[in-house]
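# What the coordinates show
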Amino acid sequence: MKSHARVVVIGGGVVGCSILYHLTKFGWTDVVLLERSELTSGSTWHAAGGMHTINGDPNVAKLQKYTVELYKEIQEYSGQDIGLHMTSGMMLAATKERFDWMKSILAKGRYMGLEAELLTPKEAHELMPLLDPTQFVGAVFDPVEGHLDPYGTTHAYAKSAKKNGADIYLHTKVEDLVQLEDGSWRVITNKGEIIAEHVVNAAGLWAREVGRMTGLELPVLAMEHMYLITEDMPEVIEFNQTRGKELMHCVDFDGEIYLRQERNGMLMGTYEKACRPWSPITTSWDFGHELLAEDIERITPELEVGFRHFPAFNNAGIKKIINGPFTFSPDGNPLVGPVRGLTNYWSACAVMAGFSQGGGVGLALANWIIYGDPGFDVFAMDVSRFGDFATLGFTNAKVRENYSRRFSIRYPNEELPGARPFLTTPIYDKLKDAGAVFGASYGLESPLWFAPKGEEDKFSWRRSNDFDVVGAEAKAVRDSVGLMETSGFAKYTITGKGAEAWLDRILTCRIPATGRMSLAPMLKDDGKLIGDFTLAKLGEGDFLLIGSGIAEDYHMRWFEGHLPKDGSVTLKALNLQLVGLSIAGPNSRALISKLTHLDMSDDAFAFMDIRRMDLGMAPAIVGRVSYTGDLGYEIWMKPEYQRYLYDLIMGAGAEFDIRPFGLRALNALRVEKSFGSWSREYRPLYGPFEAGLGRFVALKKDADFIGKQAAAKEKAEGGTLRLRTFIIEARDADVIGDEPISLNGKVCGWVTSGGYAHASGVSVAIGYVPKEVADEVEGWQVELLGEMLPARLQMQPLFDANGSRMRS
């Protein structure tokens, strides 16, 4: 065995072998894969082997498309038959609500060039005679679906990697990982040691154990998953003989089953409600090519629906039942990328859909290791999307929920109850008593809207029972004053003698003067957006940075990777050590003036001013800024003061009819101002000038900030896209994101976010279109739930276009 390697990949499943292949494909040949048993020994060998391109997240769908297109390449290059069957497939809807969901998925595919189409039940039956068309209301046909041989595919990746110079050691168990002072790793195995520059945890069922070798608890859990294989079915044989091809794949979401042809019979699998975790605490190293005990009674409810929807199964004998463990993350997406706090330690686990996503994961991770960037927007798969809150208990509860709901509809306004409530602020009970309906983000409960007594969310793809109430909350802000909790934002302190110089290097904006704030984009080396913040200077060497709560670990990983080594900068993520309230609306100045002896007039406390002050008896940090686009103030305090300040503000605001408002009203208010948000308008797909943030990119400042040259080039050349706002002629539904935008009947862009702007009384969509057509006035349309809706370009914000309200 080699004593040194540039990269050691731990795990010989399809994901590990894909990563190894892609590293060699990009020129890194001094790479090694270690497998404790044989290749495919974990979950890979008993996988059903299905693959498809359609995914609810378009960025994940792109990687799935890449994976499927890669298969012919690795089969030809390796000489290994992968048993590829491109049969096409369809997703079936048994309810109108499911069909609405399918329309939204189909629409997302349009701007990616996916060739899916809607089918009637009759058309679906023509393509797949085993189904009963009376059981369904419609379907989506996808020509790019199929299945393959898991063993052959994994070995094709492995043979291709070895052909390029990689080494693979079987029956080599990793027993410990020790990081050396220079950042390299001692990979200790039962056959000796390898010193590696990088370590990749692609250990699948043993990913937790490999993580624990470094003190890391990855949020991953294995679940028992069953599928059955029938005896030969005459219906299958007849179809093959008369049509000259295989039966296509089918996913019956309402039946919670999937099926495909297997030789002359059929394979049917389930995601059952009565799900069961496997080895929830530890995974035995002795587990290998075993299957778990059959438990068909547990999946009987799903099979009964499946047999009703596909009547031919009633006469089919069952030849085999496969029950094996597969790993899942709390939200069902993979855990990929560099792990914060560990130098050159990479995660590539919880890839449940390994044959749909394994190639894309390998591509992204190889790019990341070699070039320092995945080459795609992979936040939906980034391991950093989970913070310290994702404990073993949290993971167990959310994975169970995710598995049991894998084929269930997730409505735009639906908040799932698993592992909740978990993180709460000191005023959680007060907000709940006021009628708050909560959502959970990054583990924290945050108010979405304030429901009348006895009301709760009614889930729908269309406007629901919250519509009028959210409208009243938004109008209360515009007419007088509203209060919102803002604790869900990420808060960071940056202090020390090197703080200002470091921030000048990491952010694009000019560093504000003491007592002032600035909007602060952050770029990668390629000039694409990796963050957007509000930067406040509280004193010399004393800064407060506010950003997106869901990206806290993501941004801390970036910050820590760029900190100076001399200790001149101290960086701290405050989490819930600092909590917040915000007041906004034309009476917000009058309200805050009642709480302090200080002069809060515009001359004394201007827009984007910030300072420490007492409100009543409580010390706080107050900044004059509001994401509503109205006159407003953000108030930050230690958690022990939040209950007092909430009561103080609500009491003082009574004369102004103050009203609490939630995140849904905030969305209605910010789209009126065409304000973007992180992970929607601002993400690593876009440059700052494309995103309309160019005025906050100080190309003339002395500091050579990260991405400066690329940003200057984007400004000079104009980039390729423009962020635009549209008014849509919607009726009973509003966009949520990823709907296609068309110009004169041709898809050319996509919606990033939107909603109903209650105070203006219109439906709004924000999205990206090519710069060449970005100022066209006529001919725009947005597809929403299968309808092409006329859209009107809105070049100025709907509310307070010149910003006078928030600035005076």
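Attention in this report is confined to the structure presented alongside it.

Cut-offs used in this document
Counting restarts for each chain: residues are numbered from 1 in the order of the written sequence. This being a predicted model, a pLDDT of at least 70 is required before a residue's local features are given, and a value of 80 or more before pairs of side-chain atoms are given or counted; all residues contribute to the totals for chains, interfaces and linings. Each side-chain value is derived from all of the structure's non-hydrogen atoms; neither hydrogens nor water enter the calculation. Labels follow the DSSP assignment, with helices taken as runs of H or I lasting at least four residues and strands as runs of E lasting at least two, numbered in each case from the N terminus. Put simply, the radius of gyration uses C-alpha atoms, and a globule should come to 2.2 Å times the residue count raised to 0.38. Contact between two residues is taken to exist if any of their heavy atoms lie within 4.5 Å; hydrogens are not considered. Just so you know, the count uses Lys and Arg for positive and Asp and Glu for negative, and it drops His and the chain ends. Charge positions come from single atoms, namely NZ of Lys, CZ of Arg, CG of Asp or CD of Glu. Here, nonpolar core means buried Ala, Val, Leu, Ile, Met, Phe, Trp, Tyr and Cys residues that are tied together by side-chain atoms lying within 4.5 Å of each other. Only protein chains enter the calculation, and the probe is 1.4 Å; a residue is then buried if its accessible area is under 20% of its type maximum, exposed if over 50%, and partly exposed in between. Only strands joined by at least two bridges in the DSSP assignment are considered to pair. Angles shown run from 0 to 180 degrees and are taken between the N-to-C directions of axes, each axis being a line fitted to C-alpha atoms and, for helices, limited to the stretch in contact. Note that the term roughly parallel is reserved for angles under 35 degrees, roughly antiparallel for angles over 145, roughly perpendicular for angles of 65 to 115, and oblique for everything else. Crossings are classed by handedness, with left-handed meaning an anticlockwise turn of the near helix from the far one by less than a right angle and right-handed meaning a clockwise turn. We define a salt bridge as a side-chain nitrogen of Lys or Arg found within 4 Å of a carboxyl oxygen belonging to Asp or Glu. Planes of paired rings set the category: under 30 degrees apart is stacked, over 60 is edge-to-face and the rest tilted, where pairs are Phe, Tyr or Trp rings (Trp by its six-membered ring) whose centres lie within 6.5 Å. We call a charge positioned over a ring when the NZ of a Lys or the CZ of an Arg lies within 6 Å of the ring centre and within 35 degrees of the ring normal. Between the first and last residue of a helix there are one fewer steps than residues, each counted as 1.5 Å, and that sum is the expected span.

### Side note on the overall build of the protein chain
In terms of helices and strands, the protein chain carries 19 helices and 38 strands. For 808 residues, the compact-globule formula gives about 28 Å, and the C-alpha radius of gyration of the protein chain, at 27 Å, lands near that figure. Seen along its three principal axes, the alpha-carbon backbone of the protein chain occupies a region of about 85 × 65 × 50 Å. Within the protein chain, counting contacts between residues at least 6 apart in sequence, those at least 24 apart form 73% of the total. Within the protein chain, the 105 negative side-chain charges are centred at a point lying 3 Å from the centre of the 85 positive side-chain charges.

### Concerning the nonpolar core
With 97 residues, the main nonpolar core has Val9, Ile19, Leu23, Val200 and Leu365 as its most contacted residues. In contact with leucine 365, not counting residues within four places along its chain, are Ile19, Val200, Val336, Gly337, Trp346, Ser347 and Ala348. Ala499, Trp558, Val569 and Val764 belong to the second-largest nonpolar core, a separate cluster that totals 53 residues.

### What to know about the pairing of strand 26 (residues 542–547)
Among the six residues of strand 26, six are classified as buried, and the element is accordingly described as predominantly covered. As paired strands, strand 23 (residues 490–495) and strand 26 are joined by six bridges and run antiparallel to one another. Counterpart to lysine 491 in the pairing with strand 26 is isoleucine 546. Strand direction decides the pairing type here: strand 25 (residues 529–539) and strand 26, joined by five bridges, are antiparallel. For leucine 535, the partnering residue across the bridge sits in strand 26 and is leucine 545. With antiparallel pairing between neighbouring strands as the criterion, strand 25 and strand 26 make up a hairpin whose turn holds two residues, including glycine 541 at a positive phi of roughly 65°.

### Notes on the packing of helix 12 (residues 467–479) against helix 17 (residues 663–672)
One can describe the packing of helix 12 onto helix 17 by two numbers: an axis separation of 8 Å at closest approach and a directional angle of 55°. The angle between helix 12 and helix 17 falls in the class oblique. Here the hand of the crossing between helix 12 and helix 17 comes out right-handed. Residues Val470, Glu473, Ala474, Val477 and Arg478 of helix 12 pack against Arg664, Ala665, Leu669 and Glu672 of helix 17.

### Considerations on unusual backbone geometry
For the peptide bond that leads from arginine 420 to proline 421, omega is -10°, which places it in the cis range. Note that proline 421 resides in the loop between helix 10 (392–404) and helix 11 (428–433). Positive phi, normally seen in glycine, also occurs at glutamate 256, with a value near 60°. Mapped onto the elements of the fold, glutamate 256 is located in the loop between strand 13 (249–252) and strand 14 (257–262). Overall, the relative accessible area of 10% leaves glutamate 256 in the buried class.

### Section: the pattern of salt bridges
A complete count under the given rule lists 49 salt bridges for this structure. For arginine 186, the salt bridge goes to glutamate 193, with nearest N and O atoms at 2.6 Å. The exposure class of arginine 186 is partly exposed, given its relative accessible area of 27%. What makes glutamate 193 partly exposed here is its relative accessible area of 37%. A salt bridge links aspartate 429 to arginine 643; the shortest N-O distance between them is 2.7 Å. Pair noted here: aspartate 429 is in helix 11 and arginine 643 is in helix 16 (residues 642–652), with a separation of 214 residues, a long-range link. By relative accessible area, aspartate 429 is classed as partly exposed at 34%. Residue class for arginine 643 comes out partly exposed when judged on its relative accessible area of 33%. Taken together, the shared-partner salt bridges in this structure form one network comprising Lys96, Asp100, Lys103, Arg462 and Asp732.

### With respect to the side chain of serine 160
The topology assignment puts serine 160 in helix 5 (residues 150–163). Apart from residues lying up to four places away in sequence, serine 160 is in contact with Tyr21, Ile74, Tyr77 and Ser78.

### Details of the sheet that holds strand 26
The strand order across the open sheet built from five strands is 24-25-26-23-27, with neighbouring strands paired in antiparallel fashion. The open sheet has two free edges, formed respectively by strand 24 (516–523) and strand 27 (570–573), since each of these has just one partner strand. Across this sheet, the average inter-strand angle for adjacent strands is 25°, counted without regard to direction. The strands touched by helix 13 (residues 499–506) within the sheet are strand 23, strand 24, strand 25 and strand 26, with strand 23 carrying the most contacts at an inclination of about 130°.

### Concerning the packing of aromatic side chains
The final tally for this structure, using the stated rule, is 32 aromatic pairs. Look at phenylalanine 389 and tyrosine 442: their rings are 4.8 Å apart centre to centre, the planes differ by 65°, and that puts the pair in the edge-to-face class. Of the two residues, phenylalanine 389 is situated in the loop between helix 9 (354–371) and helix 10 and tyrosine 442 in the loop between strand 20 (436–441) and strand 21 (444–450); the sequence distance between them amounts to 53 residues. Given a relative accessible area of 9%, phenylalanine 389 falls into the buried group. Aromatic side chains tyrosine 554 and tryptophan 678 sit 5.9 Å apart centroid to centroid with 40° between the ring planes, which places their arrangement in the tilted category. Taken together, the positions of tyrosine 554 in helix 14 (residues 552–561) and tryptophan 678 in the loop between helix 17 and helix 18 (708–717) put the pair 124 residues apart, joining distant regions of the chain. What makes tryptophan 678 buried here is its relative accessible area of 8%. When the ring centre of tryptophan 28 is taken as reference, the NZ or CZ atom of arginine 6 above it lies at 3.6 Å.

### What about the sheet that holds strand 38 (residues 787–793)?
The six strands lie next to each other as 33-36-35-34-37-38, forming a closed barrel whose pairing is antiparallel. Sheet twist, expressed as the mean angle between neighbouring strand axes with direction ignored, is 45°. As paired elements, strand 33 (residues 721–728) and strand 38 share three bridges and run antiparallel to each other. Residue pairing across strands places isoleucine 728 opposite alanine 791, the latter belonging to strand 38. Helix 17 rests against strand 35 (746–757) and strand 36 (762–770) of the sheet, and its axis sits at about 125° to strand 35.

### Observations regarding helix 12
The end-to-end C-alpha distance of helix 12 is 18 Å, a good match for the 18 Å that 13 residues give at a rise of 1.5 Å each. Among the residues of helix 12, Val469, Val470, Gly471, Glu473, Ala474, Ala476, Val477 and Arg478 are the ones counted as buried. Check the buried side of helix 12 and you find it contacts strand 21, strand 22 (482–485), strand 28 (579–584), strand 32 (659–660), helix 17 and helix 19 (804–807).

### Regarding helix 17
Most of helix 17 is tucked away: eight of the ten residues are buried. Of the residues making up helix 17, those classed as buried are Arg664, Ala665, Leu666, Ala668, Leu669, Arg670, Val671 and Glu672. Against the buried residues of helix 17 lie strand 21, helix 12, strand 22, strand 35 and strand 36. Taken from the residues just after helix 17, serine 674 is the one with a positive phi, measuring 55°.

### Observations concerning the environment of aspartate 176
The topology assignment puts aspartate 176 in strand 9 (residues 174–179). Considering only alpha carbons, one finds aspartate 176 and leucine 591, 415 residues apart in sequence, at a separation of 60 Å.

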